[in-house]
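# Report on the structure
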Amino acid sequence: MLEIRWHGRGGQGAVTSVELFALAAIAEGKFATGFPSFGTERRGAPVTGFDRVDDKQIKIRSGIYHPDVVVVLDESLVGLVDVAEGLKPGGILLVNTTKSLEDLKKVIRYEGKIATVDASGIAWKELGVPITNTTMLGALVKLTGIVKFESLEEPIKERFGRIAAKNFAAAKSAYEQVKFIN
Amino acid sequence: MGKRVGMEVAIASAEAAALCKFDVASVYPITPQSHVAEHLSDIVADGRVDASFITVESEHSALSSAMGASATGARVVTATSSQGLLFMSEVMPITSAMRLPIVMIIANRAVSGPINIWNDHSDIMPMRDTGWISFFADNGQEVVDMVIQAFKVGEDRRVMLPVNVNMDGFQLTHVVEPIIMPDQEEVDKFLPPYKPFAALHPDNCVSMGTLGMPEFFTEAQKSKNVALVNSIKVVREVWKEWETQFGRKYEPIQSYRTEDAEVALVTMGSMGETAEIAVDELRMQGVKAGLLKIKLWRPFPFDDLKKAIKGIKVLAVTDRACSFGGPGGPVFSEIRSALYDVPKKPKVVNYLIGLGGRDVQVENFMDMVRRAAKGKLSEPYEFYGVRG
Amino acid sequence: MTEKKGPETWQEINPGCMVFRKGSAADYHTGSWRAKRPLWENEKCIKCGVCYIYCPEGCITETADGFFEANLDYCKGCGICAHECWPKAIAMVNEEG
């Protein structure tokens, strides 16, 4: 079973990423549960979301404390929130940033693999807004390989209608550009 | 055949009601039920069901107008949580007394105070005595199935009682998970249109909601209690029919690995699935652990309980609510009472867990079983994991 | 008040305590304790219907020739009809005996 934690800010579509990822996995016949950090969040407040994906029924309903992957949608959260908390040593930390490994290590304490992608840049270009949820989905799918990239297409189309194509393009760019920096 | 989809459970519950072609939805939103209210409203606005949505100003009005609609012979759905349920509580016993088969979807949430919007069972527990049938769902699939089953059970002429379907707020309502949504044809086959026993109409003469003088009140209450107690037969029938048609089995108490269990956990609601993992882990470590998951809370499944506990030495009953100043958690005290006259019965202990959305983890369940097995409890019940 | 036979056993109570008998409230003759009763003087009556409208019991009805009378099974003798009557065509008279 793969456990993922997302970090975003309220109103930036973190919950949507969580849902789309779960929907893509379910569409492939897998089992997935996607849930936000439950509660009341104002716009801009740090929020977290979670996904579990497995090939068999997921029975566990408690919170995720030791994710395999952490995705950070908003660079400003790094340093503000301990984004690497509980992340498994053999896991992956994916950050939306253009910072170098050196700069990131100043604010993140994580010895495992770190990957970055300029999701904000891609989102500005493809979508015209700095909302990085669909962009980061592409990067996540590339890194984990747990869900096929094509499986994102239907959920994105259903959710975004007219602007689905742009979102899918953003996801594709991130899929191609994401790289490990260590 | 049904379609496997990924769906948020709250949305799925509204979709299940839509499959039942409700006539009236009378709902007031409250976190974490709000997606149910919103989606029911969307369903009606989009004309997907030929129904009316009554935009009431409070939960008290929601249930009152739901009752009025049901009294005219409409199939009615409503939904609420926590304070909303308490606000409509004065109408709850009237609904069952008037034998109106309304279906209520409850997103279980802690009752204030302090103010808490997260999941526990303190909202439904005060409703124990109101004469409603109560189902508890473990996951999204069960929520959908139970909503549909609820209409069938409640509307059966041998029952004619309102039914509430309980799903854990946030823990279930806000989770996207795989659910097999039945087809409209399948549901139409399972659930026929509602034929009320009596309905208010200018052409029919009937008085409903009448006065009950002391000379008749006891008899009226016995009549209602008998209906509720006997409804378990109909619940079993409906669940058997569901299994035949849809292939998914439901029992008032579902046993998990209890064949040779010495210590068994008892749960209600979604934490039961986490408990299954704990039982598996314990078994791998050689502990003879088992689990009883209660799905039918009212009418209380006395016979199923007595069968399920055979051979078990210790029952660790978990409650997500406290009966303050009383004997402990509600499920615990009802189980103890139900087993009082049973000669060979297990020791019954109680852990209050998951209050106000406190996370319930596999390790917690494992710890409970180990301690229960050692008889390590200083009082009959404890607030599990309380600091201090 | 007439004697009412209700259900004896719990099995006889209708589900929901529903009552199917039409107009069962009519069994209660609320006029049996009346002290005064209304008496119409039809010569003065202008057939306006105000007494019919104001009667709180709803027991005043129009006769075949357009005048009004109270159903004495239900009339409690409150006197509102006499009070409201414009041409003072209604007198409240003592009950006999």
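Per chain, residues are indexed from 1 in the order of the written sequence. Labels follow written order: the first chain is A, the first ligand is 1, and so on. In keeping with the model being predicted, local features are shown solely for residues with a pLDDT of at least 70 and side-chain atom pairs are shown and tallied solely at 80 or more, while totals for entire chains, interfaces and linings include all residues.

### Some details on the overall build of chain A
Rule in force here: Here a helix means four or more residues in a row that DSSP labels H or I, a strand means two or more in a row labelled E, and each is numbered from the N terminus. C-alpha atoms define the radius of gyration in this analysis, and the globule rule sets the expected value at 2.2 Å times the number of residues to the power 0.38. Neighbour counting defines burial: a residue surrounded by 20 or more other C-beta atoms within 10 Å of its own C-beta is buried, one with 12 or fewer is exposed, and intermediate counts give partly exposed, using backbone-placed C-beta atoms. Once C-beta atoms have been placed from the backbone, residue pairs whose C-beta atoms lie within 7 Å are recorded as contacts.
Assigned secondary structure in chain A consists of six helices and seven strands. Put simply, chain A runs from its N terminus to its C terminus through helices and strands in the order β-α-β-β-β-β-α-β-α-α-α-α-β. Its C-alpha atoms give chain A a radius of gyration of 15 Å, within 12% of the compact-globule value 16 Å for 182 residues. The principal-axis extents of the C-alpha atoms in chain A amount to approximately 40 × 40 × 35 Å. Relative to its full complement of 182 residues, chain A shows a buried share of 48%. The long-range share in chain A, meaning contacts at least 24 apart out of those at least 6 apart in sequence, stands at 62%.

### Concerning the packing of helix H3 (residues 119-127) of chain A against helix H4 (residues 133-144) of chain A
Residues and elements named next belong to chain A. Under the convention used in this document: Angles run from 0 to 180 degrees between N-to-C directions of axes, and those axes are lines fitted to C-alpha atoms, restricted for helices to the stretch in contact. Oblique is the label for any angle not covered by the other classes, which are roughly parallel (under 35 degrees), roughly antiparallel (over 145) and roughly perpendicular (65 to 115). With the far helix as reference, a near helix turned anticlockwise by less than a right angle produces a left-handed crossing, and one turned clockwise produces a right-handed crossing. Throughout this entry, Asp, Glu, Lys and Arg are counted as charged residues, while Ala, Val, Leu, Ile, Met, Phe, Trp, Tyr, Cys and Pro are counted as nonpolar. The remaining residues, Gly among them, count as polar.
Relative orientation of the contacting elements H3 and H4 amounts to 125°, with a least axis distance of 9 Å. With respect to each other, H3 and H4 are oriented oblique. When you trace H3 past H4, the crossing you get is right-handed. Counting all contacts with H3, which are made through Ala119, Ile122 and Ala123, the residues of H4 involved are Thr135, Met136 and Ala139. Looking at side-chain class alone, the contact of H3 with H4 contains five nonpolar, one polar and no charged residues.

### Things to note about the interface of chain B and chain A
Contacts between chain B and chain A engage 21 residues on the former and 19 residues on the latter. Secondary-structure elements contributing two or more residues to the side of chain B that touches chain A are strand E8 (176-181) and helix H9 (271-284) of chain B. In terms of residue count, the dominant contributor to the side of chain B that touches chain A is H9 of chain B (five residues). Among the residues forming the side of chain B that touches chain A, the class breakdown is ten nonpolar, seven polar and four charged.

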